[in-house]
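Observations on the model geometry
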Amino acid sequence: MSYEERLYARLVFAEKFSNLYGNAFEDFFHALMQLRHPDFVPVRTAGQLGDQGADGLSLIGEKLYACYAPETYDVTKVENKFNSDLEKARTKRDGEFEVFVFTHNEVRGIHPQVSSLIVEASKTNTFKLEQFGKPHFWRAISRLEKEDAEDLLSCSIPIQEKVYGIGLDDLIPLLEHLQRERTTAADPGISLPVVPPEKLEYNSLTGETRERLIRGMEYTHLVETYYAGTFDITSRDEAAEGFSQYYAHLKEEESDPEEIYYELLKYVLGNELPKPSKAWAAEVILSYFFQYCDIFERPPAGWTSGGVQGSGNVATH
């Protein structure tokens, strides 16, 4: 799908996902995973056997997926079902998986009590635990062929370019946080990676793009503070992975670093002209992930200005 087609599909997905509960959620999950992963095995309930703690199995990835999508959220019931599925998987599917995946329909992240439950369970079991929520659903959908995405979403995806005021909606809370904190002073000395000039030069980042990245770095401590205070302990790593994968996709199709930076802004904001405060917040986010080398390339060891190999190592991040 083109960028504009993905934006349209994302709007359709967001509306559809917010109304998926129970069996409908599980059916949608099964359909998506079978389109995206040929090794995925959907598991249905079978009489007294039940599903033995699994709603799906990934043969290659050795993952067991357990779905949680109640229409009315009750954290106690979710905790009980989580513990029950975990125990069934441990006793009835021993040796069939290496990762237990909590698959849910929460649109704004996992409940703090449930996130603590996952962390504690990861400490007391030999297998790993992961969560699979709205961002993971969208990431899988965005990599489908257009025809498959249309079948899954039950809609036609228009080809013509449209204007959308939404990009990566999982970053909306972070964008709002940055806009609220915009009057905060620049970096007061919080320790963050210092990006050497070599990285900017190695990626041919010059002019206005370079200046925007440097200006944004003065405020990346606000992003650090946001992620340090969020209940979802995986949100930062998931956002970083999304940026890294999308940057790699852009790099395959585009060589101009200024164009790549522009497309990354659209990844955050959509392609509608944003308010200045929102555009500023998006630039700070890009500067943050640039500092941590989730976007753009690290210079190779010994690289110096002009591409000449030096005798010493250049610090990269």
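Residues numbered from 1 in each chain as written. Predicted model: local features only at pLDDT ≥ 70, side-chain atom pairs only at ≥ 80, totals over all residues. Heavy atoms only, no water.

**Details of the pairing of strand β5 (residues 128-132)**
The pairing of strand β4 (residues 99-104) with β5 spans five bridges and is classified as parallel. When the sheet's bridge partners are listed, Val101 is paired in β5 with Glu130. Chirality of the crossover, the property in question, places the unit of β4, helix α4 (residues 112-124) and β5 among those that are right-handed. (Pairing = 2+ DSSP bridges. Helix = DSSP H or I, 4+ residues; strand = E, 2+ residues; numbered from the N terminus. Right-handed = clockwise from strand over helix to strand, strands pointing away.)

**Section: the pattern of salt bridges**
Pairing is possible between side chains of opposite charge, provided their charged atoms come close. One pass over the full model with this rule turns up 13 salt bridges. For Glu208, the salt bridge identified is with Arg215, shortest N-O distance 3.3 Å. With a relative accessible area of 45%, Glu208 lands in the partly exposed category. Of the charged contacts, one joins Glu283 and Arg212 as a salt bridge, the two residues approaching to 3.3 Å between their closest N and O atoms. A residue pair is termed long-range when its members are at least 10 positions apart, and Glu283 in helix α13 (residues 276-291) and Arg212 in helix α9 (residues 207-217) qualify at 71 residues. You can call Glu283 buried: its relative accessible area is 13%. What makes Arg212 partly exposed here is its relative accessible area of 28%. (Salt bridge = Lys/Arg side-chain N within 4 Å of Asp/Glu carboxyl O. Buried < 20%, exposed > 50% of the residue type's maximum accessible area, 1.4 Å probe, protein only.)

**What about the environment of Tyr219?**
Within the secondary structure, Tyr219 is located in the loop between α9 and α10 (220-229). When the C-alpha atoms of Tyr219 and Ala281 are compared, they prove to be 9.3 Å apart, with 62 residues separating the residues in sequence.

**As for the confidence of the model for the protein chain**
Detailed reading of the predicted model is not advised wherever pLDDT is low. Per-chain confidence: the protein chain averages 83 in pLDDT, with 85% of residues scoring 70 or above. Counting interchain partners and residues more than four positions distant, the pLDDT-below-50 stretch residues 46-50 has two contacts. Predicted confidence is poor over residues 308-317, with pLDDT under 50, and the contacts of this stretch with residues over four places away or in other chains come to 25 contacts. (pLDDT = per-residue confidence, 0-100. Contact = heavy atoms within 4.5 Å.)

**Digging into empty space enclosed by the protein**
For the structure shown, the criterion picks out one cavity of 30 Å³ or more. Its volume calculated, the largest cavity comes out at about 30 Å³. If you go around the largest cavity, the residues you meet are Tyr68, Pro70, Tyr73, Val78, Phe102, His104, Asn105 and Glu106. Among the residues making up the lining of the largest cavity, the classes are represented as five nonpolar, two polar and one charged. (1 Å grid on protein atoms, 1.4 Å probe; cavity = no way out; pocket = protein on both sides within 12 Å on 5 of 7 lines; lining within 4 Å. Points joined across faces, edges and corners; volume = space filled by probe spheres on them. Nonpolar A, V, L, I, M, F, W, Y, C, P; charged D, E, K, R; others polar.)

**Let's talk about the packing of aromatic side chains**
As enumerated under the stated definition, the model contains 29 aromatic pairs in all. Ring plane angle 70° and centroid distance 5.8 Å describe the contact between Phe29 and Phe132, whose orientation is recorded as edge-to-face. A residue pair is termed long-range when its members are at least 10 positions apart, and Phe29 in helix α2 (residues 22-36) and Phe132 in strand β5 qualify at 103 residues. With 5.1 Å between their ring centres and 70° between their planes, Phe132 and Phe137 make a pair best called edge-to-face. Here the two residues Phe132 and Phe137 agree in accessibility, since each one is buried. Taken together, the aromatic side chains of Phe13, Phe17, Phe25, Phe28, Phe29, Phe40, Tyr65, Phe132, Phe137 and Trp138 make up a single cluster linked through ring pairs. (Phe/Tyr/Trp six-rings, centres within 6.5 Å; stacked < 30°, edge-to-face > 60°.)

**Things to note about the packing of helix α7 (residues 172-180) against α10**
Between α7 and α10, whose axes approach to 10 Å, the crossing angle comes to 130°. Relative to α10, the element α7 lies oblique. Crossing geometry of α7 relative to α10 is assigned as right-handed. Contacts between α7 and α10 pair Pro173, Leu174, His177 and Leu178 from the former with Leu222, Val223, Tyr226 and Tyr227 from the latter. (Axes fitted to C-alpha atoms, helices over the stretch in contact; angles between N-to-C directions. Parallel < 35°, antiparallel > 145°, perpendicular 65-115°, else oblique. Left-handed = near helix turned anticlockwise from the far one by under 90°.)

**What about the nonpolar core?**
In a soluble, globular protein the nonpolar side chains are often hidden away together inside. In terms of nonpolar packing, the biggest core is built from 37 residues, with Phe243 and Leu264 touching the most fellow members. Of all the secondary structure elements, the ones that give two or more residues to this core are α7, α9, α10, α11 (235-253), α12 (257-269) and α13. Among the elements that line this core, the one with the most residues is α13, at nine residues. Setting aside its immediate chain neighbours within four residues, Phe243 contacts Leu171, Leu264, Tyr267, Val268, Ile285, Leu286, Phe289, Asp294 and Ile295. Counting 26 residues, the second-largest nonpolar core is a separate cluster that includes Tyr65, Phe137, Ala149 and Ile157. (Core = buried A, V, L, I, M, F, W, Y, C linked by side-chain atoms within 4.5 Å.)

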